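Listed here are the chains, written in short residue letters.
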Amino acid sequence: MARKVKCTYCKKDGTNETFYKEVIKGKNKYFCNQVEYELFEMNETKKQAETEERNNLIQWIMDEIYNYEKGMVFPKTLNGRVSKLLNFYPVQVVKEAFVNNYEVLSWAIKNKDFSSEFHATCYVMTIVEGSVNDIYLDFKRNQQHIKKIEVESSKVDTDLFDEITTVSVISNKNNKDISQFLDDDL
Ligand SMILES: [Zn+2]
């Protein structure tokens, strides 16, 4: 007997007899069709890559800026404030904000006598948050620039194609003219 199931991708209702089934992490999952299953998988892969990027960034901050030994707890305030930035800014923008201030930040962590980890983090994040917008605006300008170059280069391709087509049309015409000329001569 058909059982009511929900599409894992779009949440639509259906039955186990009409829906597409995949076993994911040992569990039966249903989808309206195979295309939706593939979309779902693509989203999952993207989410995993994003999580990995975030973890790498946090690890990098601990290793390079805080100089923490492996196994030390990541400061909660720092985690919270970095996550807050990552909710809006792309991970490479946030990383660049740390990289650009690397000298200042690592010097401060080593030499300034912060009364607590909390104060150190406030200092670090004030500097990072202070430069993140400039980096983000540069990043957006670059993206637009890349887009513009892509549009222009695809335009050049079509122009070139048009030119080739025109040339071949002309040369065809010439051939014909010559053959007519030859015919006339015979
Ligand atoms: Zn669906």
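On a predicted model such as this, the values are computed, not experimentally measured, just so you know. (Residues numbered from 1 in each chain as written. Predicted model: local features only at pLDDT ≥ 70, side-chain atom pairs only at ≥ 80, totals over all residues.)

**Q** Before we move on, can you summarise the pairing of strand 3 (residues 20–24) with the specific residues and values?
**A** In the sheet, strand 3 pairs with strand 4 (residues 27–31) via 5 bridges, with the strands oriented antiparallel. Of the residues in strand 4, the one forming a bridge with E22 is K29. Linking strand 3 to strand 4, which pair antiparallel, is a turn of 2 residues; within it K25 sits at a positive phi near 50°. (Pairing = 2+ DSSP bridges. Helix = DSSP H or I, 4+ residues; strand = E, 2+ residues; numbered from the N terminus.)

**Q** Break down the nonpolar core for me, citing the residues and quoting the values.
**A** Core analysis: the biggest nonpolar cluster contains 14 residues, and I65, A97, F98, V124 and V128 have the highest contact counts within it. Looking at this core, the elements with two or more residues in it are helix 1 (34–65), helix 2 (76–88), helix 3 (91–100) and helix 5 (117–185). By residue number, the principal contributor to this core is helix 5, which donates 5 residues. Among residues more than four places away in sequence, those in contact with A97 are V128, S131, V132 and I135. Counting 5 residues, the second largest nonpolar core, distinct from the first, contains Y9, Y30, F31 and Y37. (Core = buried A, V, L, I, M, F, W, Y, C linked by C-beta atoms within 7 Å. Buried ≥ 20, exposed ≤ 12 C-beta atoms within 10 Å, placed from the backbone. Contact = placed C-beta atoms within 7 Å.)

**Q** Can you lay out the environment of F118 for me, pointing to particular residues and giving the numbers?
**A** Along the chain, the position of F118 falls in helix 5. Of the residues examined, F118 has 13 C-beta atoms within 10 Å and is grouped as partly exposed. Sequence-wise, F118 and T77 are 41 residues apart; in three dimensions their C-alpha atoms are separated by 6.7 Å.

**Q** How would you explain the packing of helix 1 against helix 3 if you had to name every residue and give the values?
**A** Two numbers describe how helix 1 lies on helix 3: the axes approach to 10 Å, and their chain directions differ by 5°. The angle between helix 1 and helix 3 falls in the class roughly parallel. Between helix 1 and helix 3, the residues in contact are E53, R54, L57, I61 and I65 and V91, V94, K95 and F98, respectively. For the contact of helix 1 with helix 3, the per-class residue count stands at 6 nonpolar, no polar and 3 charged. (Axes fitted to C-alpha atoms, helices over the stretch in contact; angles between N-to-C directions. Parallel < 35°, antiparallel > 145°, perpendicular 65-115°, else oblique. Nonpolar A, V, L, I, M, F, W, Y, C, P; charged D, E, K, R; others polar.)

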